[in-house]
Amino acid sequence: MSTYEREELRGVAIHYLLLAQDKKHGLVKLSDLKKVFPKTYDKKTVIGILDEVVREMKDLFGIEVCVVDTGKGTFVLLKNEIDSGVPYLDSTVDSGDKLENAKKGVLLAVLMYIFMAKNPEIPSSSVTSTAVSDFLETLGLNNIQQLDLEKLISPKPTAEFITEGWIDFEKSSDRDGNESVFYSWGPRAKACVDPKKVFELFCAIDGGDPEEWKDYKAFVDSSKKDEQRSS
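Rules used in this analysis
Residues numbered from 1 in each chain as written. Predicted model: local features only at pLDDT ≥ 70, side-chain atom pairs only at ≥ 80, totals over all residues. Heavy atoms only, no water. Helix = DSSP H or I, 4+ residues; strand = E, 2+ residues; numbered from the N terminus. Buried < 20%, exposed > 50% of the residue type's maximum accessible area, 1.4 Å probe, protein only. Contact = heavy atoms within 4.5 Å. Areas by Shrake-Rupley, 256 points an atom, 1.4 Å probe, with all protein chains shown as cover. Salt bridge = Lys/Arg side-chain N within 4 Å of Asp/Glu carboxyl O. Core = buried A, V, L, I, M, F, W, Y, C linked by side-chain atoms within 4.5 Å. Expected span 1.5 Å × (residues − 1). Polar contact = N/O pair within 3.5 Å; in protein donor to acceptor, adjacent residues only side chain to side chain. Pairing = 2+ DSSP bridges. Axes fitted to C-alpha atoms, helices over the stretch in contact; angles between N-to-C directions.

Caption draft 1: How the structure looks around the overall build of the protein. Helix and strand content of the protein: 10 helices and 6 strands. The buried share of the protein, reckoned over its 231 residues, is 37%. Within the protein, contacts between residues separated by at least 24 positions form 55% of all contacts whose residues are at least 6 apart in sequence. Carbon and sulfur atoms form 49% of the exposed surface of the protein, whose accessible area is close to 13,900 Å².

Next up, the structure:
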């Protein structure tokens, strides 16, 4: 492959990712991204060019690109970290900002609930959609004006938190055909949200001692060490 061909393919891949930032919320399947490369190129060449694309996205545009394996597929994510602080509605901001703060509040509440409700020793464990809905109702988040929870989180590809990759869902049926829906952290949440901060936020709200949640504390401490070793 000539230098010109390599640069051209790099440019095509970067253009694809920049478009994805607007049209696909910066979240694309790795298999879709690979389609921009001719089938005649071997896997090693494609991976090499993608590594160059990741570096150039960071150097040229300041955009961090990471690859997340969800168990259901591999995604390429243009990283956009969210604030892990406690969101609130400030009466001094306009209604548009209030709505965005409310959305962030719902998102953080859902991510925190899913994290704390599942077994930390089983990363693949999920939480039922019914439990999540009941939790949001308990918090009164279902009564916020102009906020349609179903448009934010529901077992549909069009739901905002699903589309943006924050939440993932899976359906299963028992022998009698009764369907259950389970939620888990999506690829964006796994890449952008620090479990330790979520755990600390929960403890701050709960008012309890982190040592009372030994399994969770051990999990987040272990995750942090793994992250430091890989960096």
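Caption draft 2: Broad picture of the pattern of salt bridges. Throughout the structure, instances matching the rule amount to 6 salt bridges. As a salt-bridge pair, Arg-6 and Glu-52 come within 2.9 Å of each other at their nearest N and O atoms. Taken as a pair, Arg-6 in helix 1 (residues 3-23) and Glu-52 in helix 3 (residues 43-61) lie far apart in primary sequence, 46 residues in all. We note a salt bridge from Glu-160 to Lys-103, for which the minimum N-O separation is 3.3 Å.

Caption draft 3: Molecular detail of the nonpolar core. Val-106, Leu-136 and Ile-167 are the most contacted members of the largest nonpolar core, which totals 43 residues. Broken down by element, the residue count for this core peaks at 10 residues, all from helix 4 (residues 95-117). Aside from chain neighbours lying at most four places away, what touches Leu-136 is Val-106, Ala-109, Val-110, Leu-141, Asn-142, Leu-149 and Ile-153. Core analysis: the next-biggest nonpolar cluster, separate from the first, contains 18 residues, Ile-14, Leu-30, Val-53 and Val-65 among them.

Caption draft 4: Fine view of helix 9 (residues 195-206). End to end, helix 9 covers 16 Å across 12 residues, agreeing with the expected 16 Å (1.5 Å per residue, within 8%). N-capping of helix 9 is provided by Asp-194, with a side-chain oxygen placed 2.9 Å from the backbone N of Lys-196. Among the residues trailing helix 9, Gly-207 stands out with phi positive, at a value near 80 degrees.

Caption draft 5: Fine view of the sheet that holds strand 6 (residues 179-185). Spatially, 4-6-5 is the arrangement adopted by the 3 strands of the open sheet, whose pairing is antiparallel. The strands lining the two open edges of the sheet, one partner per strand, are strand 4 (127-128) and strand 5 (167-173). Examined bridge by bridge, strand 4 and strand 6 share 2 bridges and lie antiparallel to one another. Residue pairing across strands places Val-127 opposite Tyr-183, the latter belonging to strand 6.

Caption draft 6: Broad picture of the sheet that holds strand 2 (residues 65-69). Reading across the sheet, the 3 strands line up as 1-3-2 and stay open at both edges, with antiparallel pairing between neighbours. Each end of this open sheet is capped by a strand with a single partner; those strands are strand 1 (27-29) and strand 2. The sheet shows a mean angle of 25 degrees between the axes of neighbouring strands, taken without regard to direction.

Caption draft 7: How the structure looks around helix 3. Taking 1.5 Å as the rise per residue, helix 3 with 19 residues should run 27 Å; its terminal C-alpha atoms sit 26 Å apart, in good agreement. Buried within helix 3 we find Thr-45, Val-46, Gly-48, Ile-49, Leu-50, Glu-52, Val-53 and Met-57. Of the residues that open helix 3, the one with a side-chain oxygen 3.1 Å from the backbone nitrogen of Lys-44 is Asp-42. Just downstream of helix 3, Gly-62 is the residue with a positive phi angle, here 70 degrees.

Caption draft 8: Summary view of the pairing of strand 3 (residues 74-78). Among the 5 residues that make up strand 3, 4 are buried, leaving the element largely enclosed by the rest of the structure. Bridging between strand 1 and strand 3 involves 3 bridges; their strand directions are antiparallel. Considered in strand 3, the bridge of Leu-27 is made with Leu-77. As defined by bridge partners, strand 2 adjoins strand 3 across 5 bridges and the pair is classed as antiparallel. Paired with Val-68 across the bridge in strand 3 is Phe-75.

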